[in-house]
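# Per-entry structural report
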Amino acid sequence: MGAVYPAETTMNLFTDPWIPLASPDGKRIVPYVALLAGEVDAAEIDHPEPWLAACASMLLAALTQVVLPCDTADDLAAACARPLPADRVRAAVAPYIAGASLLGDGPRFLQPE
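None of these values were measured; they are calculated from a predicted model. Along each chain, residues carry numbers from 1 onward, in the same order as the chain's sequence is written. Only residues with pLDDT of at least 70 get local features here, since the model is predicted, and only at 80 or more are side-chain atom pairs given and counted; chain-wide, interface and lining totals rely on the full set of residues. Side-chain metrics rest on all non-hydrogen atoms present in the structure, leaving aside hydrogens and water.

As used in this record, nonpolar core signifies buried Ala, Val, Leu, Ile, Met, Phe, Trp, Tyr and Cys residues forming a set joined through side-chain atoms within 4.5 Å. Partly exposed residues are those whose accessible area sits between 20% and 50% of the maximum for their type, while under 20% is buried and over 50% is exposed, using a 1.4 Å probe and protein chains only. Leu13, Phe14, Leu63, Val67, Leu68, Leu84, Val89, Ala92, Val93 and Ala100 form the largest nonpolar core, which has 10 residues in total. Put simply, DSSP marks the helices as runs of H or I at least four residues long and the strands as runs of E at least two long, and each gets a number from the N terminus on. Elements represented by at least two residues in this core include exactly α2 (50-67) and α4 (86-93). Among the elements that make up this core, the one with the highest residue count is α4 (three residues). Here a residue-residue contact requires only that any non-hydrogen atoms of the pair lie within 4.5 Å. Aside from chain neighbours lying at most four places away, what touches Ala92 is Val67 and Leu68. Listed in part, the five residues of the second largest apolar core include Ile19, Leu21, Ile45 and Ala53.

Structure, rendered in C-alpha cells:
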C-alpha cells in the first residue's frame, strides 16, 4: 500500500516549490511558477543527483511548452530572450493548476481517474 498523506497535501507541480535551484550568487532557492515569471533568477537546477537534475530540467521544459507554446521559432527566441511578464505566466498556468497535483483527492497529474 502506498503512503498516506494529509488531505491538504497535493504536491502541485505549479504551486508547490519542488525543484531546488542555485541562484547566480550561490544561494540555494526553491521557486516554482515564480521562476517562469522571471520573479527569481536561477543559474541551474541544484540537485545532488545529476540524472534527477536532468529529468527535472526536461519536465520543466515540457510543462513550459504546454503552458506557454510558441507558434514560430522567432516567438520562441523572443520568449527566451527575456523573462515573460509575471501576469502572463500566471494567467497561462492557471487553467492547468487543478490537474497538476501528484497527491490529494482531485485530479492527479498523468494519472487516470
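Here Leu52 is to be found in helix α2. Between the C-alpha atoms of Leu52 and Ile19, which are 33 residues apart in sequence, the distance is 9.9 Å.

Attention now goes to the confidence of the model for the protein. Summing up the model confidence of the protein, the mean pLDDT is 76 and the portion of residues at 70 or higher is 77%. Note: pLDDT gives the predictor's confidence per residue, expressed from 0 to 100. Looking across the protein, the model is least confident in helix α1 (residues 33-36), with a mean pLDDT of 61, and most confident in helix α3 (residues 73-81), with 86.

Our next topic: the environment of Arg88. Within the element layout of this structure, Arg88 appears in helix α4. Given a relative accessible area of 45%, Arg88 falls into the partly exposed group. Separated by 20 residues in sequence, Arg88 and Leu68 have C-alpha atoms that sit 9.2 Å apart.

Taking 1.5 Å of rise per residue, 18 residues should cover 26 Å, and α2 covers 26 Å from first to last C-alpha, within 8% of that figure. Regarding α2, the residues found buried are Ala53, Ala56, Leu63 and Val67. Seen along its axis, α2 keeps its buried residues to an arc of 90°; they face one direction. Exposed and oriented more than 90 degrees from the buried face of α2 are Pro50, Trp51, Met58 and Gln65. Structurally, α2 contributes buried residues whose contacts are with β3 (44-45) and α4. Helix span, as expected, comes to 1.5 Å for every residue beyond the first. In this description, one arc is meant: the one made by directions from the helix axis to the C-beta atoms.

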